Amino acid sequence: MSSFPLGTDVYVLSKNSEHAAKIVGPVTGPTTNPATGQATSLQTIRVKWTVRGGEDDVDIERVTRMWDEFGGRPKRNRGGTSPSTSTTATTGPEPAPPTPGGEGGVPCTAWALVSLKVFRTVQAAIEALDMYGEKLFEKRKEEEGSDYPVEDVYWKGTAWDAEVIKTTVIEQGFDFEKLKIERSDPDHVKLSDTLKKGNFLLDGILNMGWNSPRHAIAVVDGIIRENPTNLNLDRLWIGVDGVTPDREKGYFREICRAYQITRRCVLKGG
């Protein structure tokens, strides 16, 4: 059975971005050549595009549930409920948020910020993220209305919007720079080289078989500071273009965003 019930909100990954869609048909394929027994087409699933409309059959390996950046929480639709995280459609109360990556339920973003020495402890990171999450939530309510859902900003102690992460890091005395990693950008960085020196926060979609679809990790001087073990940078299996991981071998099958985190220098007497 497909892990995407009809009506599930998903992202369909392209080379440079991700596009919102809804599952409207079952999985089909792969088809095979009767003479050779070899696959002649990929396994596909029918989706309806949220923005441009229309429907298409897309490679199921390009489809992921609609998770927000950093921490893997389900994205809540305004006026609706979070997408199901089970393999079949469910009814009743909304499911509890998933445990983001990390050992023992430690939120991956908080662990990454400790690894990057933005915070000394996971608890301190969580408390600061929650505090700035609440501030952003109050701001959004003023701008969007009192019914703005808090889950669109943060899940307390679990996962946080990208703007919350950025504000939290900056308020600790660090610069937070988004790197250009889109292959279509002629000025894109080569992650395979850039990540060898400095402190970085990566957000992406883990390859099949890992513990959570959306995940954040710290990379410090070419070492992936994962919980509970460290990994060599080559585990990302970045391709010759310098930004795209190998979809079968890589720790991530898609690196969505990359940030460099650098402590700001403060001159004495300044």
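1. Examining the overall build of the protein
Argument step 1. If you tally the helices and strands in the protein, you get four helices and 13 strands.
Argument step 2. Out of the 270 residues in the protein, the part that is buried amounts to 44%.
Argument step 3. Of all intrachain contacts in the protein linking residues separated by at least 6 positions in sequence, the fraction that spans at least 24 positions is 57%.

2. Points about unusual backbone geometry
Leaving glycine aside, a negative phi is the common case for residues, and trans is the common case for peptide bonds.
Argument step 1. Although it is not a glycine, Lys117 adopts a positive phi angle of roughly 65°.
Argument step 2. As for its position among the elements, Lys117 is in the loop between helix H1 (108–115) and helix H2 (122–144).

3. Remarks on the nonpolar core
Argument step 1. Counting residues in each nonpolar core, the largest one holds 29 residues, and the members touching the most others are Leu113, Leu116, Leu201 and Ile261.
Argument step 2. Listing elements by their share of this core, those giving two or more residues are H1, H2, helix H3 (162–171), strand E8 (174–178), strand E10 (214–220) and strand E13 (252–263).
Argument step 3. Residues contacting Leu113, with those up to four places away along its chain left out, are Val118, Phe119, Leu129, Val169 and Ile261.
Argument step 4. If you look at the next biggest cluster of nonpolar residues, it comprises 19 residues, including Leu191, Leu195, Leu202 and Val243.

4. Some thoughts on H2
Argument step 1. Between its terminal C-alpha atoms H2 stretches 32 Å, which fits the 33 Å expected from 23 residues at 1.5 Å a residue.
Argument step 2. Within H2, the full set of buried residues consists of Ala125, Ile126, Ala128, Leu129, Asp130, Tyr132, Gly133, Leu136, Phe137 and Arg140.
Argument step 3. For H2, the secondary structure elements touched by its buried residues are H1, strand E6 (154–155), strand E7 (159–160) and H3.
Argument step 4. Just downstream of H2 lies Gly145, where phi reads positive at about 120°.

5. A look at the confidence of the model for the protein
Argument step 1. For the protein, per-residue confidence averages 76 on the pLDDT scale, and residues scoring 70 or more make up 73% of the total.
Argument step 2. Per-element confidence in the protein ranges from a low mean pLDDT of 70 for strand E5 (residues 63–65) to a high of 95 for E8.

6. Some points on the packing of H2 against H3
Argument step 1. Running from amino to carboxyl end, H2 crosses H3 at an angle of 125°, the nearest separation of the two axes being 9 Å. The angle between the axes of H2 and H3 places the two elements in the oblique class. Between H2 and H3 lies a crossing of right-handed hand. Along the contact surface, H2 presents Ala128, Leu129, Tyr132, Gly133, Leu136, Lys139 and Arg140, while H3 presents Glu163, Val164, Ile165, Thr167, Thr168 and Glu171.
Argument step 2. Of the residues in the contact of H2 with H3, the class split is six nonpolar, three polar and four charged.

7. Quick notes on the sheet that holds E8
Argument step 1. Ordered by their spatial adjacency, six strands build an open sheet running E8-E13-E9-E10-E11-E12, and the pairing between neighbours is antiparallel. Sheet topology places E8 and strand E12 (230–232) at the edges, where each strand pairs with a single neighbour. This sheet shows a mean twist of 30° between the axes of neighbouring strands, independent of strand direction.
Argument step 2. With seven bridges connecting them, strand E9 (residues 199–206) and E10 associate as antiparallel partners. Pairing of Ile205 across the sheet is with Arg214, part of E10.
Argument step 3. Taken strand by strand, H1 contacts E9, E10, strand E11 (223–225) and E13, and its axis lies near 5° from that of E10.
Argument step 4. Against the sheet, H3 touches E8, E9 and E13, its axis set at about 145° to E8.

8. Description of the packing of aromatic side chains
Argument step 1. Taken as a whole and judged by the stated rule, the model has two aromatic pairs.
Argument step 2. Between Phe176 and Tyr259, the aromatic rings sit 4.6 Å apart at their centres with planes inclined by 25°, giving stacked as the arrangement. One end of the pair, Phe176, is in strand E8; the other, Tyr259, is in strand E13, and 83 residues separate them in sequence. As far as burial versus exposure is concerned, Phe176 and Tyr259 are alike and both buried.
Argument step 3. Taking 5.7 Å as the distance between ring centres and 70° as the angle between the ring planes, the aromatic pair formed by Tyr251 and Phe252 counts as edge-to-face. Note on accessibility: Tyr251 and Phe252 belong to one class, buried.

9. Remarks on the environment of Ile126
Argument step 1. Among the secondary structure elements, Ile126 is positioned in helix H2.
Argument step 2. Along the chain, Ile126 and Trp111 lie 15 residues apart, while their C-alpha atoms are 9.2 Å from each other.
Argument step 3. Those residues in contact with Ile126 that sit more than four places away from it in its chain are Pro107, Ala110, Gly157 and Trp160.

10. Structural notes on the pattern of salt bridges
Argument step 1. One pass over the structure, following the stated rule, counts eight salt bridges.
Argument step 2. Note that Lys141 and Glu138 form a salt bridge whose closest N and O atoms lie 3.5 Å from each other. Of this pair, Lys141 and Glu138 both sit in helix H2, three residues apart, which is roughly one turn of the helix.
Argument step 3. Judged by its relative accessible area of 25%, Lys141 falls in the partly exposed class.

Calculation criteria
- Residues numbered from 1 in each chain as written.
- Predicted model: local features only at pLDDT ≥ 70, side-chain atom pairs only at ≥ 80, totals over all residues.
- Heavy atoms only, no water.
- Helix = DSSP H or I, 4+ residues; strand = E, 2+ residues; numbered from the N terminus.
- Buried < 20%, exposed > 50% of the residue type's maximum accessible area, 1.4 Å probe, protein only.
- Contact = heavy atoms within 4.5 Å.
- Core = buried A, V, L, I, M, F, W, Y, C linked by side-chain atoms within 4.5 Å.
- Expected span 1.5 Å × (residues − 1).
- pLDDT = per-residue confidence, 0-100.
- Axes fitted to C-alpha atoms, helices over the stretch in contact; angles between N-to-C directions.
- Parallel < 35°, antiparallel > 145°, perpendicular 65-115°, else oblique.
- Left-handed = near helix turned anticlockwise from the far one by under 90°.
- Nonpolar A, V, L, I, M, F, W, Y, C, P; charged D, E, K, R; others polar.
- Pairing = 2+ DSSP bridges.
- Phe/Tyr/Trp six-rings, centres within 6.5 Å; stacked < 30°, edge-to-face > 60°.
- Salt bridge = Lys/Arg side-chain N within 4 Å of Asp/Glu carboxyl O.

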